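Report on the structure
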Amino acid sequence: MQTTTRVAIIGGGVVGASVLYHLTKLGWSDVMLLERAELTSGSTWHAAGGFHTLNGDTNMAALQGYTINLYKELEEITGMSCGLHHVGGVTLADNQDRFDMLLAERAKHRFMGLETEIVTPEEISKIAPVTNTDGILGALYDPLDGHLDPSGTTHAYAKAARMGGATIETHCMVRETNQRPDGTWDVVTDKGTIHAEHIVNAGGLWAREVGAMAGIYVPLHPMEHQYLVTEEVPLIAEMMADGKEHPHVMDPAGESYLRQEGKGLCIGFYEQPCRPWAVDGTSWEFGQDLLPNDFDKIEQSIDFAYKRFPDLERAGVKNVIHGPFTFAPDGNPLVGPVPGMRNYWSACGVMAGFSQGGGVGLMLAQWMTQGETERDTMAMDVARFGDWITPGYTLPKVIENYQKRFSVAYPNEELPAARPFRTTPMYDIFSDMGAVWGQQYGLEVANYFAQDDEPTYETPSFRRSDAFAATAREVTAVRQAVGINEVQNFGKYRVTGPRARAWLNRIMAGRVPAPGRLSLTPMLSPKGRLIGDFTISCLGDEEFQLTASYGAQAFHWRWFLRHAENGVTLKNISDKRTGFQIAGPKSRAVLAACTRADISDMAFLDLRRLTIGMANCLVQRVSYTGDLGFEIYCDPMSQRALWSALWSAGQPHGMTPFGMRAMMSLRLDKFFGSWMAEFSPDYTAAETGLDRFISFKKNDNFIGRAAAEAERDAGPTRKLVAFEVEAEDADVQGYEPIWLDGEVVGFCTSGGYSHHTQTSVAMGFLPADHVDAAPDVEIEILGQMRRARVLTAPLFDADGTRMRG
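Description of the structure in this document. (Residues numbered from 1 in each chain as written. Predicted model: local features only at pLDDT ≥ 70, side-chain atom pairs only at ≥ 80, totals over all residues. Heavy atoms only, no water.)

With that settled, consider the overall build of the protein chain. Scanning the protein chain for helices and strands turns up 22 helices and 37 strands. The globule rule puts the C-alpha radius of gyration for 805 residues at 28 Å, and the 27 Å found for the protein chain is close to it. For the protein chain, the proportion of its 805 residues judged to be buried stands at 62%. The contacts in the protein chain between residues at least 6 apart in sequence include a share of 72% that link residues at least 24 apart. Counting every atom, the protein chain has about 29800 Å² of accessible surface; 48% of that belongs to carbon and sulfur. (Helix = DSSP H or I, 4+ residues; strand = E, 2+ residues; numbered from the N terminus. Rg over C-alpha atoms; globule rule 2.2 N^0.38 Å. Buried < 20%, exposed > 50% of the residue type's maximum accessible area, 1.4 Å probe, protein only. Contact = heavy atoms within 4.5 Å. Areas by Shrake-Rupley, 256 points an atom, 1.4 Å probe, with all protein chains shown as cover.)

And the structure:
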């Protein structure tokens, strides 16, 4: 066995094999895979082998499409069969909400180039005759759906990797992973020690145990999963005699998926009385094993399936496959460089390995070999979970995710499991005021405040929800008087030291402000893509505060540490500094009433240290609402005292608490973008308009400068614009296609209702040459074409008089 390698991949399932192949494809041949038993041991060997493109995240759906199309390439490269069956598939909808979800997904697929279509019950009966369509409104048909041979596919990945120079060591048990001072790793196995520059944890069912060897907690959990294979079904046998194969059928109402298996049927369930497996760790003795049959937990699922697929009831059960699969708390994979670690990579939690494994392998290989991926990977980035996550949080969230695997995914849904977990000192005060809570990065965040007999639960919907009236009330309070909102859900970082300003000039594309001032700046990748939009606050010559998205903390912190240098001290103070923002025409009067300092000359983008009531605070003249406003930061121990001072001073001025629903409406008035909507690693500064904050005049060679200058000189091919939409009861959520003259020319990034102007607003990308012409377009919302016109000026305070005055 070789004793040195550039990359050591731990785990020989389909994901580990995919990563190995893609590394060789991108030019790294000195790579090896270590498997304690045989390839496919674990979850891979007993998987049902289905694949599909349907995913609520468009980038994940695109990567699933890549994965499916990759299999023919693997067969051509290796001469091996993946056992492909491209039979197509239908996803059924038995109520309007499910149908709305399929309409929304179909719209997304239009600009992604996926050829899906909505079909009627009559068409379903022809496409998938085993289906009883009683009560079915329609379905989404995807011709790419299908299934394959899990073992053959994994071995095809492995052969292609070997052809590229990779090494595979089976029956090689990893016992320790120890990091050297230079960041490389000693991988201790039962066959000897391997010195590796990088480690990839593709441990699957054992990913928790592999991570623990390096002191890492991997937030995933195995769940028991069961599917059945029937004896011969006459209808299937007849189709086979005619040279046909039955397509897949996903029945969300029955929490089941069905496909043909030989002359019979294979059906699996995501049952409600589900069971977690190996709660305290996966035994190293487990391998190509199955769990005992358990018909009791799927009894109700089977009864429902007999009604939806009557042929099942008349067929005997041939085989029962009952085995464990791993899930992350939100069901998506855990991929990428592990925050806080050097040269340690995650490729685990890939529950749908044969839908996602190829895309996961490609993205991780690009990350390792090129430093960044070709598309936004936040939906599967291991950094979407911070160091706050615990096994006690992961377990109930994984159970919830399993149970909701086939549930409708609403854009405004707040899932209840493992909540509340992380709260601020304001939680009980806001709850008593009627707060309806959401969560971000484990933190409870007020979405809106219910009054009188309004429900304290927002009913999930694709259309305008029962939070509409409360949101309108809060928006009106901000625009006419003054509103108050927490600023806990901002990511906050302290940067100090003699090299602090120089470091910021290198890592940020924008201008670094003078003491007592703020600046807004994008943070770019080397390829010029957005990896952050920040506020820089200069507290002194060698002291700065950075503010950005709270949910991107681990993502941004990983980037900061990657580019750390001597003379700069970095500290994540996101939960060490909290407070409030006040916004509206009367916000200055409220602030003046609770401090002895003179703030009359405090200009836009100024910052000061003030005592507010009894609390020492950092006060910044800026507001995401686009109105006159202030962000006020304090120590968490002082937050309730700060609240008392601001609330008391605000009562004569009509102060009203407002939540994130109102915030998202208010920002649309000014066309302000939002992180992971308008601003993400999928886009550049010039495309989104953030290039106006880039300081091309500064002498520093900031990261991404060359790419940004090239785009400045050539001009972006697409631009972010705002639209007024002729909507009815449903607004843009994101990724709806934009149509012009019968063709899809762009897509939406986000949208909503501007309560201040009573206008439905959308933001999205158009080709740059279309923007100048400012054409009227159509936006497809839930299957309906809605006229939209480009807006050339903000709907509120167009000249910035109120915000800056």
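Counting buried positions along strand β29 (residues 615–620) gives 5 out of 6 residues, so the element sits mostly inside the fold. With 6 bridges joining them, strand β28 (residues 607–612) and β29 adopt antiparallel strand pairing. Residue pairing for β29: Arg-609 is matched across the bridge by Leu-618. The hairpin turn running from β28 into β29, its antiparallel successor, is 2 residues long, and Gly-613 in that turn takes a positive phi close to 65°. In this structure, β29 lies alongside strand β30 (residues 629–634), joined through 3 bridges in antiparallel fashion. When the bridges of β30 are listed, Val-619 appears paired with Ile-632. (Pairing = 2+ DSSP bridges.)

Let us now look at the pattern of salt bridges. This structure, assessed with the given rule, holds 43 salt bridges. For Asp-94, the salt bridge identified is with Arg-98, shortest N-O distance 2.8 Å. The partner of Arg-464 in a salt bridge is Asp-731, with the nearest N and O atoms 2.7 Å apart. With Arg-464 in the loop between β20 (443–449) and α13 (468–480) and Asp-731 in the loop between β32 (718–725) and β33 (737–740), this residue pair connects regions lying 267 residues apart in the sequence. A relative accessible area of 8% means that Asp-731 is categorised as buried. (Salt bridge = Lys/Arg side-chain N within 4 Å of Asp/Glu carboxyl O.)

This part is about the sheet that holds strand β31 (residues 655–657). On the basis of which strands lie adjacent, the open sheet formed by 6 strands has the order β28-β29-β30-β27-β21-β31 and mixed pairing. The sheet is open, and its two borders are formed by β28 and β31, each paired with just one other strand. Geometrically, the sheet is characterised by an average inter-axis angle of 25° between neighbouring strands, direction not taken into account. Across the sheet, α13 touches β21 (482–486), β27 (578–583) and β31, and the angle it forms with β21 is around 115°. (Axes fitted to C-alpha atoms, helices over the stretch in contact; angles between N-to-C directions.)

This part is about helix α7 (residues 234–241). Looking at α7, one finds that the buried residues are Ile-236, Ala-237 and Met-239. Looking down the long axis of α7, one finds its buried residues gathered within 160° of arc, a one-sided arrangement. Across α7 from its buried face, at more than 90 degrees, point the exposed residues Pro-234 and Ala-241. Taken together, the buried residues of α7 touch β14 (256–261) and β15 (264–269). Two residues or fewer after α7 comes Gly-243, characterised by a positive phi angle close to 75°. (Arc of directions from axis to C-beta.)

Looking now at the pairing of strand β35 (residues 759–767). Along β35, 9 of the 9 residues are buried, which leaves the element largely enclosed by surrounding structure. Where burial is concerned, the two faces of β35 agree: the one with Thr-759, Val-761, Met-763, Phe-765 and Pro-767 and the one with Ser-760, Ala-762, Gly-764 and Leu-766 are both buried. Pairing of β32 with β35, which is carried by 8 bridges, proceeds in the antiparallel orientation. Following the sheet pairing, Glu-724 is matched in β35 by Val-761. Sheet topology note: the strand β34 (residues 743–754)/β35 ladder contains 7 bridges and is antiparallel. Across the sheet, residue Ser-750 finds its bridge partner in β35, namely Met-763.

Let us look at helix α2 (residues 58–78). Helix length check: α2, at 21 residues, gives a terminal C-alpha distance of 30 Å against a target of 30 Å (1.5 Å per residue), a fit within 8%. Largest kink in α2: about 30°, centred on Leu-70. Two or three places before Asn-59, at the opening of α2, Asp-57 has a side-chain oxygen 3.1 Å from that residue's backbone nitrogen. Following α2 by one or two positions, Gly-79 has its phi on the positive side, about 75°. (Expected span 1.5 Å × (residues − 1). Bend = angle between axes of the 7 residues up to and from the residue. Polar contact = N/O pair within 3.5 Å; in protein donor to acceptor, adjacent residues only side chain to side chain.)

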